[in-house]
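# A closer look at the structure
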Amino acid sequence: MKRFRLFAHVLLAALAAFSAVPAVFAEPAESKAVVDREKAVSLARSYLSLTSEFELNSVNFYEDFSGKRWSLEFHKKSENGYSDGVVVSLDADTGRLIGFEKYDGDPAQQTTYPPKYDFEAAKKVAERFVREVNAAEFDQLRYNPDVEAAFRTPLQGPVVYPFRYDRVVNGIIYPENYVFVRVDGSGNVVSYQFVWDDKVEFAPATGLIDEDRAKALFQEKASVVLWLIWLRNVQNPTPRFAYEWNSSRMHARTGEIDILMDGSFEPMEKKASSPSGRFAESLTQQQAAEAMKTLLSLDDVQLANASYYEQKDAGVWNFEWRIDTAKTGGSAEDGVYYWVSVDASTGEPVSYHFSNPTKSVRPIRDDVRGKQIAADFVRRAYPARLHELAGPNGKSGVYFFQRLVDGVPVESEGIHLIVGEDGSILSLQRSFSTVSFPSAKPTVLLETEARTRLMNAYTLQLQYIREPNSPFREGIPPEKYRAILASGMTQYLYYNPDAGNRAEPYYVLVPKRPTDTGIFLDATDGKFYRRDNGKEYFLELPETSDLKGHWAEKELRLMLEYGAIDAEGGRAAPDKPITRGEMIKMLLIAMRGGWFEPSYYANERKASFADVSAGSAYFAYVEYAVDNRLIDPATERFRPDDPVTREELAVLIVRALGYAKLAEYGDLFRLDVADAGDIRHKGQVAIATGLGIMTTDEHGRFRPAETVTRAQAAVAFYRFLQKRAELQDVGPWR
């Protein structure tokens, strides 16, 4: 196997700081452009048919690994003083249009929901545009259905639809070249990006391993890794043992498979050789300061600032030291600064970095020496943790010590540091959570079984990848790799600015469904779960058997798509009464455009109702509703499993619209229903019916005490979204 060494959790930002080349150049750099400034402005106006109303606002010339380009911004003032604009990008050598982005700065622009154009109509607009603008390349473009499959019908405006066309050579996708277009809900192309390189040489598509053989080889030989992950974004964060891929692709001709992490998971010490490391009492300021000055060899420094903060049971000292270079003949502005944070309970450094404007120290290139320096430092700084640290992994002075639990790496946790060419420590970051992890590894699936199950969630897609085929910027953290892999946008894994111009065919691991993002295989029970909420994830979505042809099918499917209602056993139960808990969940997901983060309401929060505790599936939704005055916490119980009446739904909708106070003035509204005498909240019902969000029956009755079904609630909330967009307060204001 080829080993493309991709070490975990190294400091990408630090690498970029030492190696990045500025993109914007000074004025003389414009002379490198074949197309001069005046010609670029003229071409931009021509491509987008910009009238004289559009004034040139800014001009920038860029040169980086992708080439030379002009970026020009035009805007025009509307009658109320706000600006509409567009940013246009041109190839500075050919004058070719390579992108634009339109924006509307007028707050008086009305948001329309639902949009005038649905996805299919917008798709036709995008295809016509690409056929016209990219006529020369269109025969080499293939529509990317994964972008469409990953798109979810918006729950609020403004709506923008994404469309992507990938380059295809010899029948093989080359995802590094593509056209990307966005169309808004009114059918306007608002964004365009064209990425293309005619200099790439493509290896012949001959002698390739067939797809079935490739899958068998990958499943047999690809590497997996056992992680201890922490689901931070769920309501009750819990550590989980998970299997995930440690290989991402296989050469389509040779069958060679890459390995993402080739580092050691052997602990620095077999067992704890020091006590726990925690002091009986927290370090004083003086104790912490002296310990760090000794550890980091900080001589002749003056304390500029010191502070202390404590969160739960963890206290941290923060120090800023300074060396006054003016005393040694330097400028007062050129002082050397050191910033150090210290764990007051253990004396361990939490972070360290410094600034020396008079001296630039680069990371060490000799990895044998650099790793030895790093290991020696960690042994001195973290003696009580050596049995749970593996490393150093990394290269070129940027190193990482992986945290372990019973030999299993803990995702995103460990110690990052950079060693300078002079042997000094340039920066340090300790990433250790306070979560209580298991002390020992449980019984887990065998790796062979894990590969088989993981393969059920993924497939191999034949792609061209440029050589040299080392993944994008050595040092990408595994969690970032997995996020990219799960998204299906695998071209970002391999886009390498230092790559040559030859592209080789590879079988690349991609999710079977574009929506299979952020999932993991539990190593103990062999099931898949979602990272965002910890719920079990089913690779095959059961078709809801009771929705086809239902009068509220469209609205119910929209709510199902966002998880606002659950389908159990393949049935959505549209005519089942909705419960109060389900109602609050559906409303909040609708109100927030489909996004709601239950972890915002952690276990530490005191429950507002006795019957909706922190362990309840509705806890986060109910607490958010309380905070936003959608429900009244004055009563002791919420009754989450009780049905909802039509009058209760009307009250909730009016509160969500922000008209609760107004509705109290019932005499302002005309309640034209036959059973008005049975209604307590007349203002709320008048608003809900007057806006058409809720309706009466054929006899003009509202039926306030009647229970609401799931279908009726889905339709009411869909209409709520539409009316909310129409009622949005807009300018013009100055």
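Everything quoted here is computed from the prediction, not taken from an experiment.

## Focus: the overall build of the protein chain
Counting secondary structure elements, the protein chain contains 17 helices and 24 strands. For the protein chain, with 734 residues in total, the buried portion stands at 49%. A separation of at least 24 residues holds for 66% of the contacts in the protein chain among residues at least 6 apart in sequence. Total accessible area on the protein chain is roughly 35,700 Å²; 48% of this is exposed by carbon and sulfur atoms.

## Things to note about the pattern of salt bridges
Under the defined criterion, the tally for this structure stands at 37 salt bridges. Here R240 and D522 are joined by a salt bridge, their closest N and O atoms 3.1 Å apart. One end of the pair, R240, is in strand β11 (residues 239–245); the other, D522, is in strand β23 (residues 519–522), with 282 residues separating them in the sequence. The same class applies to R240 as to D522, namely buried.

## Some thoughts on the pairing of strand β18 (residues 398–405)
Within β18, eight of the eight residues are buried, which leaves the element mostly enclosed by the surrounding structure. The alternating pattern of β18 places V398, F400, Q402 and L404 and Y399, F401, R403 and V405 on opposite faces, both of which are buried. Two elements, strand β17 (residues 389–395) and β18, share five bridges in a ladder whose sense is antiparallel. When the sheet's bridge partners are listed, L389 is paired in β18 with R403. For β18 and strand β19 (residues 408–419), the ladder comprises seven bridges, and the chain directions are antiparallel. Residue pairing across strands places Y399 opposite L417, the latter belonging to β19. Between the antiparallel neighbours β18 and β19 lie two residues, among them D406 with a positive phi of about 50°.

## Brief notes about the nonpolar core
Nonpolar side chains in soluble globular proteins tend to be buried together. Residues W70 and F717 are the most contacted members of the largest nonpolar core, which totals 103 residues. Looking at which element gives the most residues to this core, the answer is helix α17 (residues 710–726), with ten residues. Setting aside anything within four residues of it in sequence, one finds F717 in contact with M559, M583, M586, L587, A590, L649 and I653.

## As for the side chain of E348
Tracing the backbone shows E348 in the loop between β15 (336–343) and β16 (349–355). E348 has contacts with S341, V342, D343, A381, Y382, R385 and R430, leaving out every residue within four places of it along the chain.

## So, helix α16 (residues 682–690)
Taken as a whole, α16 has its buried residues at G683, Q684, V685, A686, I687 and A688. Structurally, α16 contributes buried residues whose contacts are with α14 (646–657) and α15 (660–663). Positive phi shows up at G692, right after α16, with a value of about 80°.

Procedures and definitions
- Residues numbered from 1 in each chain as written.
- Predicted model: local features only at pLDDT ≥ 70, side-chain atom pairs only at ≥ 80, totals over all residues.
- Heavy atoms only, no water.
- Helix = DSSP H or I, 4+ residues; strand = E, 2+ residues; numbered from the N terminus.
- Buried < 20%, exposed > 50% of the residue type's maximum accessible area, 1.4 Å probe, protein only.
- Contact = heavy atoms within 4.5 Å.
- Areas by Shrake-Rupley, 256 points an atom, 1.4 Å probe, with all protein chains shown as cover.
- Salt bridge = Lys/Arg side-chain N within 4 Å of Asp/Glu carboxyl O.
- Pairing = 2+ DSSP bridges.
- Core = buried A, V, L, I, M, F, W, Y, C linked by side-chain atoms within 4.5 Å.

In short, shape yes, function no, at least from these values alone.
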